[in-house]
Amino acid sequence: MTEQTDRKLIATGIVGTVIAALCCFTPVLVVLLGAVGLSAWLGWLDYVLFPALAFFVALTVHAVWRRLNTRMDG
């Protein structure tokens, strides 16, 4: 893979991690869903946000690991 692909993976992982962390640890989604009238979904929020956070953290770690390995090999 190219360095540009690695940069895109890292950027996607970091942005996804920040968004998922904001939604997990702050009341951002509670306020937004309440304002829109979808507050019934709040009970299911943890089933989606915590796996999403874990996925984006793993994606970031994987992309950084790949980038470091390609620099050491080449």
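Residues numbered from 1 in each chain as written. Predicted model: local features only at pLDDT ≥ 70, side-chain atom pairs only at ≥ 80, totals over all residues. Heavy atoms only, no water.

Participant: Is there a simple way to think about the nonpolar core in this case?
Facilitator: Here is a general trend for soluble globular proteins: nonpolar side chains tend to be buried in one another's company. The biggest cluster of nonpolar side chains holds eight residues, and these are Ala20, Cys23, Cys24, Leu29, Leu33, Leu45, Leu49 and Leu53. Secondary-structure elements contributing two or more residues to this core are α1 (3–25), α2 (28–36) and α3 (45–73). Beyond its immediate stretch of four places on either side in the chain, Cys24 contacts Leu49, Phe50 and Leu53. (Core = buried A, V, L, I, M, F, W, Y, C linked by side-chain atoms within 4.5 Å. Buried < 20%, exposed > 50% of the residue type's maximum accessible area, 1.4 Å probe, protein only. Helix = DSSP H or I, 4+ residues; strand = E, 2+ residues; numbered from the N terminus. Contact = heavy atoms within 4.5 Å.)

Participant: I tried to follow α3 on my own but got confused; where do I start?
Facilitator: Count 3.6 residues to each turn of an α-helix, and residues three or four apart come out pointing the same way. Across its 29 residues, α3 extends 42 Å between first and last C-alpha, which sits within 8% of the 42 Å expected from 1.5 Å per residue. All of the buried residues in α3 are Leu45, Leu49, Leu53, Leu59, Thr60, Ala63, Arg66 and Arg67. Along its buried surface, α3 packs onto α1 and α2. (Expected span 1.5 Å × (residues − 1).)

Participant: Would you mind going over α1 with me for this structure?
Facilitator: For α1, with 23 residues, the first-to-last C-alpha span of 33 Å sits near the 33 Å given by 1.5 Å per residue. Those residues of α1 that fall on the buried side of the exposure criterion are Asp6, Ile10, Gly13, Gly16, Thr17, Ala20, Cys23 and Cys24. Those residues of α1 hidden inside the fold are in contact with α2 and α3.

Participant: Explain the packing of aromatic side chains here, please?
Facilitator: The description of two aromatic rings rests on the distance between their centres and on the angle between their planes. Tallied over the entire structure, the rule returns two aromatic pairs. Note on Trp44 and Tyr47: the rings are 5.4 Å apart at their centroids and 45° apart in plane angle, and the pair reads as tilted. For Tyr47, a relative accessible area of 61% corresponds to the exposed category. Summarising the aromatic geometry, the rings of Phe55 and Phe56 are spaced 5.3 Å apart at their centres and angled 70° between planes, so their arrangement reads as edge-to-face. (Phe/Tyr/Trp six-rings, centres within 6.5 Å; stacked < 30°, edge-to-face > 60°.)

Participant: Any chance you could explain a nonpolar patch on the surface here in plain terms?
Facilitator: Together, Ile14, Val18, Leu22, Val28 and Leu32 make up a nonpolar patch on the protein surface, roughly 410 Å² of accessible area in all. When residues in the nonpolar patch are grouped by element, the largest group, three residues, is from α1. Along the chain, Ile14 falls in helix α1. Among the residues examined, Ile14 registers a relative accessible area of 43% and is labelled partly exposed. (Patch = residues over 30% accessible without salt bridge, like charges linked within 9 Å, V, L, I, M, F, W, Y side chains within 5 Å. Areas by Shrake-Rupley, 256 points an atom, 1.4 Å probe, with all protein chains shown as cover. Salt bridge = Lys/Arg side-chain N within 4 Å of Asp/Glu carboxyl O.)

Participant: How should the packing of α1 against α3 be read in this particular structure?
Facilitator: Two packed helices can be described by the angle between their axes and the distance between those axes. Remark: α1 packs on α3, axes separated minimally by 8 Å, with the N-to-C direction vectors making an angle of 155°. By the angle class used here, α1 and α3 are roughly antiparallel. Judged by the sense of rotation from one axis to the other, the crossing of α1 with α3 is left-handed. Taken together, the residues of the contact of α1 with α3 sort by class into 17 nonpolar, six polar and six charged. (Axes fitted to C-alpha atoms, helices over the stretch in contact; angles between N-to-C directions. Parallel < 35°, antiparallel > 145°, perpendicular 65-115°, else oblique. Left-handed = near helix turned anticlockwise from the far one by under 90°. Nonpolar A, V, L, I, M, F, W, Y, C, P; charged D, E, K, R; others polar.)

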